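Below, each chain spelled out in residue letters.
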Amino acid sequence: MAPSSTPRVPSGLVAVQPLRSKRCAGCRRGPLPLLVLEDGAPRCLHCADLGHLVFLPRGDTALTRRAREESTLSVVVVRFNRRRSRYERQGVLVEEAALARAEARCLADAEARRRRRARDARRRAAEDERFTAAFAAEILRLFPGCPADRARAIAAHASARGSGRVGRSAAGRALTEGAVISAVVAAVRHVDTPYDQLLMSGASRFEARWRIAAGVESVLRGWAEEADVG
Ligand SMILES: [Zn+2]
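Notes on the structure in this doc start here. Being a predicted model, the structure only gives us computed values, none of them experimental.

**Some thoughts on the sheet that holds strand E6 (residues 86–95)**
Moving on, step 1. Read from one edge of the open sheet, four strands run E1-E5-E6-E4, paired in mixed fashion. Each end of this open sheet is capped by a strand with a single partner; those strands are strand E1 (14–17) and strand E4 (53–57). On average, adjacent strands in this sheet sit at an angle of 35° to one another, irrespective of strand direction.
Moving on, step 2. Along the sheet, helix H1 (residues 61–70) makes contact with E4, strand E5 (75–81) and E6, crossing E6 at roughly 55°.
Moving on, step 3. Packed on one face of the sheet, helix H2 (residues 96–142) meets E4 and E6 and runs near 90° to E6.

Encoded structure:
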């Protein structure tokens, strides 16, 4: 028998996964995977009138809560943990139809969450689209001579979500002149000057920037003038 120090099985409707093989005091069947103690005597679920319930292992909190809500009768399943000297929950026994309803509710929730995520993604995409258009318009206001497709590409690059680039910073979000100009300068540096080749050939960033400064200036001066002039 269990030592006297073993805590009592928790009260209420509780079924136990026995650590040692036990037989039912009513029908003598055994060993029992799961038993209920009635006046200290183990009984199988059938003899305890709980044979119609199904086992739902612990782990899915929402499903467990809903299954218990849906079930007229629910039983907590425990097992004794020797090392910790306590009974621990393993799951619940609930009506099969209740479990099916609970699963349906959780699925409906998952579907609702999936739809909300899709809606959010579409809204963010539309926001990005508007922001990129506003950014491009601001580039063209400051640099009327900048080709429209370049302005669009610079804006899209600078405002790419999650890029941490200037368009994503607070200043870029506010479309300050400084933020727009630094996005344009960065683009000109990489596309219209040999800046990247200089870096590749071993030039320091400082040296490379110094060597291309005049080139950047000249492109920006050209773009700052009205397109129809050039
Ligand atoms: Zn029995």
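**Some points on the coordination of the zinc ion**
Moving on, step 1. Only Cys24 (SG), Cys27 (SG), Cys44 (SG) and Cys47 (SG) from the protein reach the zinc ion as donors, at distances of 2.3 Å.
Moving on, step 2. One way to put it: the four donor atoms around the zinc ion meet at angles of 106 to 114°, and that makes the site tetrahedral.
Moving on, step 3. In the primary structure, the donors to the zinc ion are separated according to the pattern C-x2-C-x16-C-x2-C.
Moving on, step 4. In this structure Cys24 comes out as buried when scored by relative accessible area, which is 0%.
Moving on, step 5. The exposure class of Cys27 is partly exposed, given its relative accessible area of 31%.

**As for the pairing of E1**
Regular strands place their side chains on alternate faces of the sheet.
Moving on, step 1. Burial along E1 is two-sided: the residues Val14 and Val16 and Ala15 and Gln17 are all buried.
Moving on, step 2. Direction of pairing for E1 relative to E5: parallel, over a ladder of four bridges. The residue of E5 that forms the bridge with Val16 is Val78.

**Looking at the packing of aromatic side chains**
Moving on, step 1. With the rule as written, the count across this model stands at two aromatic pairs.
Moving on, step 2. Between Arg189 and the ring centre of Tyr195, over which it is positioned, the NZ or CZ distance is 5.6 Å.

**Looking at the side chain of Thr193**
Moving on, step 1. Structurally, Thr193 can be placed in the loop between helix H5 (177–192) and helix H6 (195–200).
Moving on, step 2. A polar contact of 2.5 Å, which involves the side chain of Thr193, links it to the backbone oxygen of Arg189.
Moving on, step 3. Setting aside chain neighbours within four positions, we find Thr193 in contact with Val188, Ile212, Gly215 and Val216.

Rules behind the numbers
- Residues numbered from 1 in each chain as written.
- Predicted model: local features only at pLDDT ≥ 70, side-chain atom pairs only at ≥ 80, totals over all residues.
- Heavy atoms only, no water.
- Pairing = 2+ DSSP bridges.
- Helix = DSSP H or I, 4+ residues; strand = E, 2+ residues; numbered from the N terminus.
- Axes fitted to C-alpha atoms, helices over the stretch in contact; angles between N-to-C directions.
- Contact = heavy atoms within 4.5 Å.
- Donors = N, O, S within 2.8 Å, 3.2 Å for Na, K, Ca; no water.
- Tetrahedral: all angles 85-135°; square planar, octahedral: opposite > 155°, others 65-115°.
- Buried < 20%, exposed > 50% of the residue type's maximum accessible area, 1.4 Å probe, protein only.
- Phe/Tyr/Trp six-rings, centres within 6.5 Å; stacked < 30°, edge-to-face > 60°.
- Lys NZ or Arg CZ within 6 Å of the ring centre and 35° of its normal.
- Polar contact = N/O pair within 3.5 Å; in protein donor to acceptor, adjacent residues only side chain to side chain.

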